[in-house]
Amino acid sequence: MSTGSRPTWEAWANSVPPLACASTREPCHDPAAIATRLAQARLADQYMVYEAEGGVWHFAAGSAVSLTANATSITARASGRTWTSRTDQQPLTAFATALSALRDEGDGGRHFYGWAAFELSHLLHADPAASGDQPLLHVLIPSVEVTLTGDRTLVRAVDEAWARKVTDLLVEPPAQRGAPDELPPETSEGFIAAGAGAYGRAVARTVADIRAGFLEKAVVSRKVLLPAELRVDFPETYLAGRRANTPARSYLMDLGGYRAAGFSPETVLEVGEDGRVSTQPLAGTRARGADPVENERRRVELLTDPKEIHEHAVSVRLAWEEMEAVCRPGSVVVEEFMAVRPRGSVQHLASRVTGRLRPETGPWAAFASLFPAITATGVSKRAALQALARHEEGVRGLYGGAVFRGSTGGALDAALVLRTLIGAGDEVWLRAGAGVTAQSSPEREIEETCEKLRSVAPYLRFTED
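**Things to note about the sheet that holds strand β24 (residues 427-436)**
If you walk across this open sheet you meet the 11 strands as β1-β10-β9-β3-β2-β13-β14-β23-β24-β12-β20, and the pairing is antiparallel. Each having just a single partner strand, β1 (21-25) and β20 (378-379) make up the two edges of the open sheet. Taken together, the five bridges between strand β2 (residues 46-51) and strand β13 (residues 249-255) define a ladder with antiparallel strand orientation. Bridge pairing in β13 places Y50 opposite Y251.

**Points about the pairing of strand β5 (residues 73-78)**
Sheet topology note: the strand β4 (residues 66-69)/β5 ladder contains four bridges and is antiparallel. Paired with S66 across the bridge in β5 is R77. Across six bridges, β5 lies against strand β6 (residues 81-86) in antiparallel orientation. Residue pairing for β6: I74 is matched across the bridge by S85. Connecting the antiparallel pair β5 and β6 is a turn made up of two residues, with S79 showing a positive phi of about 50 degrees.

**Brief notes about the pattern of salt bridges**
Going through the model one piece at a time under the given rule, you end up with 35 salt bridges. Close ionic contact of E189 with R454 constitutes a salt bridge, the shortest N to O distance being 2.9 Å. Taken together, the positions of E189 in helix α6 (residues 185-193) and R454 in the loop between α13 (442-453) and β25 (461-462) put the pair 265 residues apart, joining distant regions of the chain. For R454, a relative accessible area of 31% corresponds to the partly exposed category. Close ionic contact of R431 with E392 constitutes a salt bridge, the shortest N to O distance being 3.5 Å. With R431 in strand β24 and E392 in the loop between α12 (381-391) and β21 (402-407), the pair connects residues that are 39 residues apart, well separated along the chain. The buried category is assigned to R431, whose relative accessible area is 4%. Among the ionic contacts, a cluster of salt bridges with common partners joins K217, R286, E294, R297, R298, E301, D305, K307, E308, E311 and E445.

**As for the packing of helix α2 (residues 31-40) against helix α8 (residues 234-244)**
It is at 10 Å that the axes of α2 and α8 come closest, and there the two elements cross at 170 degrees. Comparing the axis directions of α2 and α8 gives the class roughly antiparallel. Residues A32, A33, T36 and Q40 of α2 lie in contact with α8, whose contacting residues are P235, E236, Y238, L239 and R243.

**Quick look at unusual backbone geometry**
Cis geometry marks the peptide bond from F371 to P372, where omega comes out at -10 degrees. On the secondary structure map, P372 appears in the loop between α11 (363-370) and β20. The omega angle of the peptide bond from V379 to S380 is -15 degrees, so this bond is cis rather than trans. Along the chain, the position of S380 falls in the loop between β20 and α12. If you check the backbone angles, R42 has positive phi at about 50 degrees while not being a glycine. Locating R42 in the fold gives a position in the loop between α2 and β2.

**Quick notes on the side chain of E445**
For E445, the location among the structural elements is in helix α13. Accessibility expressed as a relative area gives 0% for E445, which makes it buried. A polar contact of 3.2 Å, which involves the side chain of E445, links it to the side chain of K307. With near-sequence residues (within four places) excluded, E445 lies in contact with Y199, V203, K307, A434, G435, V436 and S440.

**Quick look at helix α7 (residues 196-211)**
Here α7 is 16 residues long and its end C-alpha atoms lie 23 Å apart, about the 22 Å a rise of 1.5 Å per residue gives. Buried within α7 we find A196, Y199, G200, A202, V203, T206, V207, D209 and I210. The inward-facing, buried residues of α7 contact α6, β12 (217-225), α12, β24 and α13. Looking at the residues trailing α7, positive phi occurs at G213, about 90 degrees.

**Considering the packing of aromatic side chains**
One pass over the structure, following the stated rule, counts 11 aromatic pairs. Pairing W9 with W12 gives two aromatic rings, centres 6.3 Å apart and planes at 85 degrees, and the pair type is edge-to-face. With a gap of three residues between them, W9 and W12 both fall in helix α1 (residues 9-14), about one helical turn apart. With centroids separated by 5.5 Å and ring planes inclined at 70 degrees, the aromatic side chains of W364 and F367 adopt a geometry described as edge-to-face. One end of the pair is W364 and the other is F367, both in helix α11 and three residues apart, which spans about a single turn.

**Let's talk about the nonpolar core**
Ranked by size, the top nonpolar core spans 76 residues in total, and within it W12, L67, L269 and F367 carry the most contacts. If we skip the residues at most four places from it in the chain, L67 touches W9, W12, I74, T75, A76, F95, A98, L99, L137, H138 and V139. Within the second largest apolar cluster, 66 residues are counted, among which are A32, Y238, A434 and V436.

**Focus: the confidence of the model for the protein**
Within the protein, residue pLDDT values average 91, and 97% of them lie at 70 or more. Confidence drops under a pLDDT of 50 for residues 1-6, and excluding neighbours within four residues, the segment shows 14 contacts in the predicted structure.

What counts and what doesn't
Every residue gets a number counted from 1 within its own chain, in the order that chain's sequence is written. Since the coordinates come from a predicted model, pLDDT governs what is reported: local features require at least 70, and pairs of side-chain atoms require 80 or more to be given and counted, while whole-chain, interface and lining totals use all residues. For side-chain calculations, the full set of non-hydrogen atoms in the structure is used, while hydrogens and water are omitted. DSSP-based pairing: two strands are paired if at least 2 bridges between them are found. Runs of E in the DSSP output that reach at least two residues are strands. Runs of H or I that reach at least four are helices, and both are numbered from the N terminus. By definition, a salt bridge exists where a carboxyl oxygen of Asp or Glu is found within 4 Å of a side-chain nitrogen of Lys or Arg. Note on classification: 1.4 Å probe, protein chains only; a residue is buried when its accessible area is under 20% of the maximum for its type, exposed when over 50%, partly exposed between these limits. Axis definition: a line fitted to C-alpha atoms, limited for helices to the stretch in contact. Angles are taken between N-to-C directions and run from 0 to 180 degrees. Here roughly perpendicular refers to angles of 65 to 115 degrees, roughly parallel to angles under 35, roughly antiparallel to angles over 145, and oblique to all remaining angles. Contact criterion: two residues are considered in contact whenever any of their non-hydrogen atoms come within 4.5 Å of each other. As used in this structure description, the phrase polar contact means that two N or O atoms lie within 3.5 Å; if the pair is within protein, one of them must be able to donate a hydrogen and the other to accept it, and residues adjacent in sequence are counted only when both atoms belong to side chains. Multiplying 1.5 Å by the helix residue count minus one yields the expected span of that helix. Aromatic pairing here means that ring centres of Phe, Tyr or Trp (its six-membered ring) are within 6.5 Å. Orientation follows from the plane angle: under 30 degrees is stacked, over 60 is edge-to-face, and everything else is tilted. Within this scheme, the nonpolar core is defined by two criteria: the residues are buried Ala, Val, Leu, Ile, Met, Phe, Trp, Tyr or Cys, and they are joined through side-chain atoms within 4.5 Å. A residue's pLDDT is the confidence the predictor assigns to it, expressed on a 0 to 100 scale.

Dropping the structure here:
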């Protein structure tokens, strides 16, 4: 049903059942494995595993309550009913309005889990027509949520039946599974190299644009489509990849039409209930392997490479400007500048910019200012988005967008979707990009995408089912 062009979101919110059943259990010694097991149980049509800061893991599942928006409309579902409304090309505003109607449930409010597609950026910063007609935002309000920390396991559910399903999975021994199939290293490397020539030509065209003065930097990416006959096991890929990676955030999901297993190197933004907002631009890359001496040599090289330093500095400058647009005057600071962070198969220059939101500004306004991450687009964002539309093939979809967890209490934690295995429909793919500046060479940027793809490709796991 529809309640017209401007629904009363309270009617939707009142149809959302509360997480009335809560219990606390002993901590789990291996939260990654437990969260993966919960995902493999397929308790509902949609789920997400989200690894937050400080070794806290969240699992959420459900199917009945969701919000989905494209450029022109937003659809809310709950209790078998549907509400629709126009967005007037402002889906983030519609999302914020709908979510604000949800009832709080104690400290921190009601939690939601979702994603934002990269094409939302065209509505925010460039050409609205380029946003397309596919969903740009999707949120699940779960029927069951499990939080795994170092000192406890918290289970919250809409009723005893949901709580019992999860509790049974937590206490029963894991099912004996055969070892999932792996790719031989030479096959994995073959995937990584696919399309390198066309990508190099795209980099060269982008360098020409930059030298002509159209923009300073663009993050040009390439898609690596996996053969259709390979049946990728997303949970097993996630677990194997998480064992080997050192992400800022990680996630495993089947949500709103996308499947993903990712090891994000950085956050788009982190907003606390106290109004503190933070973003962590990473730009500048060198490979990272098993040899500590070689890793140190590359680290020093990274810190002294003019191209990498320039790429990083312009990203931090733009992050500062975007934070100033939503933060209290004088509150924006660079808390960390050009540290080197290990992220799986690569190491990056990393900085952190923080501030305090203005009293009238909420987390979604901050998200609108900072999304998409500078390190997935370029400088300026508008010019970079226009360059990417010229030089990349097809839409990005989830890649370069965000996977997030938030609450009605004002918190929002959004991971940048990079180093991620993505599936939609019958297709499964990897994607990687590199920051292109006036000093870039196609050969080095091809090499950089290969280095990044190695954060995921060696850990792909397959099933015969």
